[in-house]
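Spelled out from the first residue to the last, the chains are:
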Amino acid sequence: MSSPTTKATAIASMFTTALGAPRDQEAPEAVRIEESDATLRISAPVPPTLSEAVRLAVIAFLLDTGVRFGHDVPRDGSSVIWAEIEKAGPGGEAPWPSPGREHPPLPRRPQYAA
């Protein structure tokens, strides 16, 4: 998964499979890929009945991709998991690492007892 578009597609597929969310952009419960000048943002609603095992698998997958991600939990609506990917620079180079810029710190993977 090297290009931002490839990463976005892989994350959207994972969200679709793990969360059972459709890829239809019109449905409110759909997995969405939104594009800005600098980033690709993938988001999906999290079903309240999602098992802990699936939740951990999604988090482990996102940690392995090395993208920024989070989970918004509003008081009056369904929670949403999201991931953000920086697009490649104008010359096609990967956004990280690049000269003069350090790689952002990644979240630490939790250690679980066997």
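We now turn to the structure provided with this report. Treat the numbers as computed from the prediction; the structure is a model and nothing was measured. (Residues numbered from 1 in each chain as written. Predicted model: local features only at pLDDT ≥ 70, side-chain atom pairs only at ≥ 80, totals over all residues. Heavy atoms only, no water.)

Side note on helix 1 (residues 4–19)
Link 1 in the chain: If you check helix 1, its first and last C-alpha atoms are 22 Å apart, about what 16 residues at 1.5 Å a residue would give, namely 22 Å.
Link 2 in the chain: Looking at helix 1, one finds that the buried residues are Pro 4, Lys 7, Ala 8, Ile 11, Ala 12, Met 14, Phe 15 and Leu 19. Looking straight down helix 1, one finds that the buried residues subtend no more than 160 degrees of arc, so they occupy a single side. Those residues of helix 1 that are exposed and aimed more than 90 degrees away from the buried face are Thr 5 and Thr 17.
Link 3 in the chain: Looking at the buried residues of helix 1, the elements they touch are strand 1 (32–35), strand 2 (39–45), helix 2 (52–65) and strand 4 (80–86). (Helix = DSSP H or I, 4+ residues; strand = E, 2+ residues; numbered from the N terminus. Expected span 1.5 Å × (residues − 1). Buried < 20%, exposed > 50% of the residue type's maximum accessible area, 1.4 Å probe, protein only. Arc of directions from axis to C-beta. Contact = heavy atoms within 4.5 Å.)

Side note on the packing of aromatic side chains
Link 1 in the chain: Inspection of the entire model under this criterion finds zero aromatic pairs.
Link 2 in the chain: In this arrangement the basic side chain of Arg 41 is found over the ring face of Trp 82, its NZ or CZ atom lying 4.4 Å from the centre. (Phe/Tyr/Trp six-rings, centres within 6.5 Å; stacked < 30°, edge-to-face > 60°. Lys NZ or Arg CZ within 6 Å of the ring centre and 35° of its normal.)

Considering the side chain of Thr 39
Link 1 in the chain: Inspection of the secondary structure puts Thr 39 in strand 2.
Link 2 in the chain: Ignoring any residue separated from it by four or fewer positions in sequence, one finds Thr 39 in contact with Glu 34, Arg 68, Ile 85, Glu 86 and Lys 87.

Some remarks on the nonpolar core
Link 1 in the chain: In terms of nonpolar packing, the biggest core is built from 19 residues, with Ile 11, Phe 15, Val 31, Ile 42, Leu 62, Ile 81 and Ile 85 touching the most fellow members.
Link 2 in the chain: Looking at this core element by element, the count peaks at six residues for helix 1.
Link 3 in the chain: Beyond its immediate stretch of four places on either side in the chain, Ile 11 contacts Ile 42, Phe 61, Leu 62, Thr 65, Val 67, Ala 83 and Ile 85. (Core = buried A, V, L, I, M, F, W, Y, C linked by side-chain atoms within 4.5 Å.)

Comments concerning the sheet that holds strand 2
The strands that make up a sheet pair up through hydrogen bonds in the backbone, lying either parallel or antiparallel.
Link 1 in the chain: Strand order in the open sheet formed by four strands is 1-2-4-3, and the pairing between neighbours is antiparallel. Each edge of the sheet is formed by a strand with only one pairing partner; in this case those strands are strand 1 and strand 3 (68–72). Within this sheet the neighbouring strands show an average axis-to-axis angle of 20 degrees, counted without direction.
Link 2 in the chain: Set on the sheet, helix 1 makes contact with strand 1, strand 2 and strand 4; between it and strand 2 the angle comes to about 0 degrees.
Link 3 in the chain: Where helix 2 meets the sheet, it contacts strand 3 and strand 4, and its direction lies at approximately 150 degrees from that of strand 3. (Pairing = 2+ DSSP bridges. Axes fitted to C-alpha atoms, helices over the stretch in contact; angles between N-to-C directions.)

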